[in-house]
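Structure at a glance
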Amino acid sequence: MPGTLKLWWHDGSTLDVRAHPTPLINEPERAYETLSLTTTPATTGPAPERCFVAAIETDVDLRYRVLLPGQTGSAADPEAKPMPRTGFRLATIGVQPGATLSVVEVA
């Protein structure tokens, strides 16, 4: 059964207008994506301009790889990093604007 990955692109700011720390949950997302995960690698769209954080919720264990513009590869490569199932929690990954995430479900 395929898994689901929910991805919120964020700008990574951690301070409000009064310079008080803010939790990521209060930060407005720049974009949102959902991917269906299988054992075949899937790739997100590029991170929007001024986005430096990918907040991820997934219901399966996966491997991921951040691909910068012009880079090739996939989550099936040995350089891919593991990410355990998050359930309803969020995991965050630092990215650069224009980067994509290649993800694959761990069988």
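Let me sum up the structure you'll find in this document. (Residues numbered from 1 in each chain as written. Predicted model: local features only at pLDDT ≥ 70, side-chain atom pairs only at ≥ 80, totals over all residues. Heavy atoms only, no water.)

A few points about the overall build of the protein
To be explicit about the condition: To qualify as a helix, a DSSP run of H or I must reach at least 4 residues; to qualify as a strand, a run of E must reach at least 2; elements of each kind are numbered from the N terminus. Summary of the burial criterion: residues with accessible area below 20% of their type's maximum are buried, those above 50% are exposed, and those between are partly exposed, where the area comes from a 1.4 Å probe applied to protein chains only. Contacts are assigned to residue pairs that have any heavy atoms within 4.5 Å of one another. All accessible areas in this document rest on Shrake-Rupley with a 1.4 Å probe, and a residue is counted as covered only by the protein chains that are shown.
Scanning the protein for helices and strands turns up zero helices and eight strands. Per-residue burial over the protein gives 36% buried out of 107 residues. For the protein, the share of sequence-separated contacts (at least 6 apart) that also reach a separation of at least 24 residues comes to 74%. Approximately 6,400 Å² of the protein is accessible, and the part contributed by carbon and sulfur atoms is 55%.

Regarding the sheet that holds strand S1 (residues 3-10)
Test applied: Two strands qualify as a pair provided DSSP detects at least 2 bridges between them. In this analysis, axes come from line fits to C-alpha atoms, helices being fitted only over the stretch in contact, and the angle between any two N-to-C directions falls in the range 0 to 180 degrees.
Taken in spatial order, the four strands of this open sheet run S2-S1-S4-S7, and their pairing is antiparallel. Edge strands, defined here as strands with exactly one partner in the open sheet, are strand S2 (31-37) and strand S7 (91-94). Averaged over neighbouring strand pairs, the angle between their axes works out to 25° when direction is ignored.

Considering the sheet that holds strand S5 (residues 62-67)
Backbone hydrogen bonds hold the strands of a sheet together, and the pairing may be parallel or antiparallel. Here we have four strands laid out as an open sheet, ordered S3-S8-S5-S6, and antiparallel in their pairing. At either end of the open sheet lies a strand with only one pairing partner, and these are strand S3 (42-43) and strand S6 (81-83). Inspection of the sheet shows S3 paired to strand S8 (residues 100-105) by two bridges, in the antiparallel sense. Residue pairing in the sheet places Thr-43 in a bridge with Ser-102 of S8.

Description of the pattern of salt bridges
Keep this limit in mind: Salt bridges are identified by distance alone: a Lys or Arg side-chain nitrogen within 4 Å of an Asp or Glu carboxyl oxygen.
Under the criterion given, the structure shown has three salt bridges. Note that Lys-6 and Glu-57 form a salt bridge whose closest N and O atoms lie 3.6 Å from each other. Placement of the pair is Lys-6 in strand S1 and Glu-57 in strand S4 (residues 53-58), with a sequence separation of 51 residues. With a closest N to O distance of 2.6 Å, Asp-77 and Arg-65 form a salt bridge. Highlighted residues: Asp-77 in the loop between S5 and S6 and Arg-65 in strand S5, separated in sequence by 12 residues. Residue class for Asp-77 comes out partly exposed when judged on its relative accessible area of 23%.

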